[in-house]
Amino acid sequence: MDENRLMMKGRLEELRRDQKKWRHKAKMLLRDLAKTLNPALRDVEDMEVADAAMIMDELVMAQAELLGLRTRIRELEEALYG
């Protein structure tokens, strides 16, 4: 296997690891959001909506990162495997 292909496969594995980390982070943020905005735990007027907004900002960033990773992974897979 030529060196270029090996480098591409290595990069693909890196991107997949990054994707796994970002998915985990997004899931943790979603759990935090669910706890923060759970009407079974507290009244709406007592909810920490500002905290929920900050969590959502982080979630938006995580999703954007995941979408970018998805695109790069697909491009590398296409280049490697057709």
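Residues numbered from 1 in each chain as written. Predicted model: local features only at pLDDT ≥ 70, side-chain atom pairs only at ≥ 80, totals over all residues. Heavy atoms only, no water.

## Focus on the overall build of the chain
Part 1: A count of helical and extended segments in the chain gives two helices and zero strands.
Part 2: Its C-alpha atoms give the chain a radius of gyration of 18 Å, more than 25% over the compact-globule value 12 Å for 82 residues.
Part 3: Judged by the C-alpha coordinates and their principal axes, the chain covers about 60 × 15 × 15 Å.
Part 4: Per-residue burial over the chain gives 22% buried out of 82 residues.
Part 5: Restricting the contact set of the chain to residue pairs at least 6 apart, pairs at least 24 apart contribute 69%.
Part 6: As presented, the chain carries roughly 6200 Å² of accessible surface, and 54% of it is formed by carbon and sulfur atoms.
Part 7: Taking the 16 positively charged and 17 negatively charged side chains of the chain as two groups, their mean positions are separated by 8 Å. (Helix = DSSP H or I, 4+ residues; strand = E, 2+ residues; numbered from the N terminus. Rg over C-alpha atoms; globule rule 2.2 N^0.38 Å. Buried < 20%, exposed > 50% of the residue type's maximum accessible area, 1.4 Å probe, protein only. Contact = heavy atoms within 4.5 Å. Areas by Shrake-Rupley, 256 points an atom, 1.4 Å probe, with all protein chains shown as cover. Lys, Arg positive; Asp, Glu negative; His and termini not counted. Charge placed at Lys NZ, Arg CZ, Asp CG, Glu CD.)

## Observations concerning the pattern of salt bridges
Part 1: Evaluation of the coordinates by the stated rule reveals five salt bridges.
Part 2: Between R42 and E48 there is a salt bridge; the shortest N-O distance is 3.9 Å.
Part 3: Assessed through its relative accessible area of 32%, R42 is described here as partly exposed.
Part 4: Its relative accessible area of 40% is what places E48 among the partly exposed residues. (Salt bridge = Lys/Arg side-chain N within 4 Å of Asp/Glu carboxyl O.)

## Things to note about the side chain of Q19
Part 1: As for its position among the elements, Q19 is in helix α1 (residues 3–36).
Part 2: The buried category is assigned to Q19, whose relative accessible area is 14%.
Part 3: With residues near it in sequence (within four places) discarded, Q19 still touches L66, L69, R70 and I73.

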